[in-house]
Amino acid sequence: MYIIMLGAPGAGKGTQADILSQEMNLPHIASGDLFRQALEKKTRVGLLAKSYMDKGELVPDEITIKMILERISRPDCALGCILDGFPRTLHQAKVLDKALKERGKSIDKAIYIEVPDEELVKRLSGRWLCRICQTPYHVTSSPPKTSGKCDKCGGELYQRSDDREETVKERLNVFFAQTAPILDYYEKQSKLIRVNGNLGIQGVAGEIISALKGRMSP
Ligand code: AP5
Ligand code: MG
Ligand code: ZN
């Protein structure tokens, strides 16, 4: 199964993709995480992406598309994957469909996690992230067991530089202007599942899993 997680910055795409990835035994492929990992390694793509990410703008399509198509062509994605943060423009969505079609595959479902703007801002300002495995934590809603350390790998937790208030505003604008139009694209293909993301983490996960089970049964 190929599943896309859609939602504004802070909606919980990464959090829910991690849960689904374990539940469905499929890899979690996150474009933002791949850019941040490239930046940690100081690669050309990582440094270039940073200049856009710090402003809250999208990284140009050609760079993003090349990186994701390369990643999903690896053997671990042969049976599917959970895509988080990609596609994010109509052009990316169309290129992805074409690339999957050439392999005899297609997107099964796109899950849109809906959260009110004021809640998004609270989530992003309290978020801490593992520098190694990118697992997101939150000071109040999902704190790590040991302060400053990742539960899964012991990695150091840090705050993203694009979670500053000004950049968050720009990321929200970009989401509504450039990414929201793809909701319609998946809705027209009857692939869109809208989920109330304004519940606790487990509550949202329950909604997603039951919606997927409901829609996937014959
Ligand atoms: P990306 O890394 O994808 O960031 P984003 O879309 O802004 O989304 P976030 O990762 O901030 O939020 P999330 O929805 O994953 O929320 P999370 O689960 O962490 O992209 C970053 C940048 O990279 C972009 O701005 C762009 O420059 C570039 N980029 C990436 N993809 C691109 C593409 N395809 N094309 C072009 N450029 C691209 O949760 C947030 C917080 O809330 C956490 O602290 C979490 O613990 C907490 N939380 C989660 N769920 C709940 C809940 N239900 N209740 C309470 N708290 C919760
Ligand atoms: Mg994320
Ligand atoms: Zn970790």
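Above this text you will find the structure in question.
Residues numbered from 1 in each chain as written. Chains lettered and ligands numbered in written order. Predicted model: local features only at pLDDT ≥ 70, side-chain atom pairs only at ≥ 80, totals over all residues. Heavy atoms only, no water.

Peer 1: How would you sum up the overall build of the chain? Please name residues and give values.
Peer 2: Scanning the chain from terminus to terminus reveals 9 helices and 8 strands. At 16 Å, the chain has a C-alpha radius of gyration in line with the 17 Å of a compact globule built from 218 residues. Expressed along its principal axes, the backbone C-alpha trace of the chain runs to roughly 45 × 40 × 35 Å. When contacts within the chain are restricted to residue pairs at least 6 apart in sequence, long-range pairs at least 24 apart make up 71% of them. When the accessible surface of the chain is totalled, it reaches about 11100 Å², and 53% of it is carbon and sulfur. Each charge class in the chain was averaged separately, 33 positive and 28 negative side chains, and the resulting centres sit 4 Å apart. (Helix = DSSP H or I, 4+ residues; strand = E, 2+ residues; numbered from the N terminus. Rg over C-alpha atoms; globule rule 2.2 N^0.38 Å. Contact = heavy atoms within 4.5 Å. Areas by Shrake-Rupley, 256 points an atom, 1.4 Å probe, with all protein chains shown as cover. Lys, Arg positive; Asp, Glu negative; His and termini not counted. Charge placed at Lys NZ, Arg CZ, Asp CG, Glu CD.)

Peer 1: Got a sec to walk through the packing of aromatic side chains? Specific residues and values, please.
Peer 2: Tallying each qualifying case throughout the model produces 3 aromatic pairs. Relative to Phe175, the ring of Tyr112 lies with its centre 6.5 Å away and its plane at 25°, an arrangement referred to as stacked. Of the two residues, Tyr112 is situated in strand β4 (residues 109-114) and Phe175 in helix α7 (residues 165-179); the sequence distance between them amounts to 63 residues. Across the pair, Phe175 and Tyr112 agree in class, each one buried. Between the aromatic rings of Phe175 and Phe176, the centroid separation amounts to 5.1 Å while the plane-to-plane angle is 80°, which identifies the pairing as edge-to-face. Aromatic rings pair up to connect Tyr112, Phe175 and Phe176 into one cluster. Geometry around Tyr52 places Lys55 over its ring, the cationic atom sitting 5.8 Å from the centre. Sitting above the plane of the Tyr158 ring, Arg131 keeps its charged end 4.4 Å from the centroid. (Phe/Tyr/Trp six-rings, centres within 6.5 Å; stacked < 30°, edge-to-face > 60°. Buried < 20%, exposed > 50% of the residue type's maximum accessible area, 1.4 Å probe, protein only. Lys NZ or Arg CZ within 6 Å of the ring centre and 35° of its normal.)

Peer 1: Quick one: what's the story with the environment of Glu165, residue by residue and with numbers?
Peer 2: By the secondary structure assignment, Glu165 is in helix α7. Note on Glu165: relative accessible area 58%, which makes it exposed. Remark: the alpha-carbon pair of Glu165 and Val121, spanning 44 residues in sequence, is separated by 8.0 Å.

Peer 1: Tell me about unusual backbone geometry, and name the residues and values.
Peer 2: Geometrically, the link from Phe86 to Pro87 is a cis peptide bond, its omega value of 0° lying close to zero. We note that Asn25 has phi near 55°; this positive angle belongs to a residue other than glycine. With respect to the element layout, Asn25 can be found in the loop between α1 (13-24) and β2 (28-30). The backbone of Gln134 sits at a positive phi, close to 70°, despite the residue not being glycine. Within the secondary structure, Gln134 is located in the loop between β5 (127-130) and β6 (136-138). Among the residues examined, Gln134 registers a relative accessible area of 4% and is labelled buried.

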